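Tertiary structure, described
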Amino acid sequence: MSGKTDRRIRKEVNHLIRNNQAVADNLVRELLNSPFKYRFAFAMKLIFYRRKK
């Protein structure tokens with residue numbers, strides 16, 4: 001590949017990583033700001049999950 005194409009690919013991959021990190025940060029912030037009952041329910045779903053067949 002040419003250097004220009006490599007740079008475009010790296011730039012897009014870096015953008016996707018930053019975007020996903022921003023989404024994850026927003027989800028965590030919303031979870032921390034939510035009332036206890038919602039945080040508790042979320043934690044229980046994470047701990048005691050059931051696999052779908």
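Shown above is the structure to which this text applies.
In short, a report on the structure. (Residues numbered from 1 in each chain as written. Predicted model: local features only at pLDDT ≥ 70, side-chain atom pairs only at ≥ 80, totals over all residues. Heavy atoms only, no water.)

**Describing the overall build of the protein**
Scanning the protein for helices and strands turns up two helices and zero strands. Taking 10 Å as the expected radius of gyration for a compact globule of 53 residues, we find that the protein reaches 18 Å, considerably beyond that expectation. For the protein, the spread of C-alpha atoms along the principal axes amounts to about 55 × 35 × 10 Å. A buried classification covers 2% of the 53 residues belonging to the protein. (Helix = DSSP H or I, 4+ residues; strand = E, 2+ residues; numbered from the N terminus. Rg over C-alpha atoms; globule rule 2.2 N^0.38 Å. Buried < 20%, exposed > 50% of the residue type's maximum accessible area, 1.4 Å probe, protein only.)

**Details of the environment of Ala22**
Tracing the sequence through the fold places Ala22 in helix α1 (residues 3-33). Taking the C-alpha atoms as reference, Ala22 lies 26 Å from Thr5; in sequence the two are 17 residues apart.

**Details of a nonpolar patch on the surface**
Residues Phe42, Leu46, Ile47 and Phe48 make up a contiguous nonpolar surface patch of about 460 Å² in total accessible area. Mapped onto the fold, Phe48 is located in the segment after α2 (36-47). Here Phe48 falls in the exposed class, since its relative accessible area comes to 62%. (Patch = residues over 30% accessible without salt bridge, like charges linked within 9 Å, V, L, I, M, F, W, Y side chains within 5 Å. Areas by Shrake-Rupley, 256 points an atom, 1.4 Å probe, with all protein chains shown as cover. Salt bridge = Lys/Arg side-chain N within 4 Å of Asp/Glu carboxyl O.)

**With respect to a positive patch on the surface**
A contiguous patch of positive charge, built from Lys4, Arg7, Arg8 and Arg10, is present on the exposed surface. Here Arg8 is to be found in helix α1. Overall, the relative accessible area of 58% leaves Arg8 in the exposed class. (Lys, Arg positive; Asp, Glu negative; His and termini not counted. Charge placed at Lys NZ, Arg CZ, Asp CG, Glu CD.)

**Comments concerning the environment of Lys45**
Here Lys45 lies in helix α2. Among the residues examined, Lys45 registers a relative accessible area of 61% and is labelled exposed.

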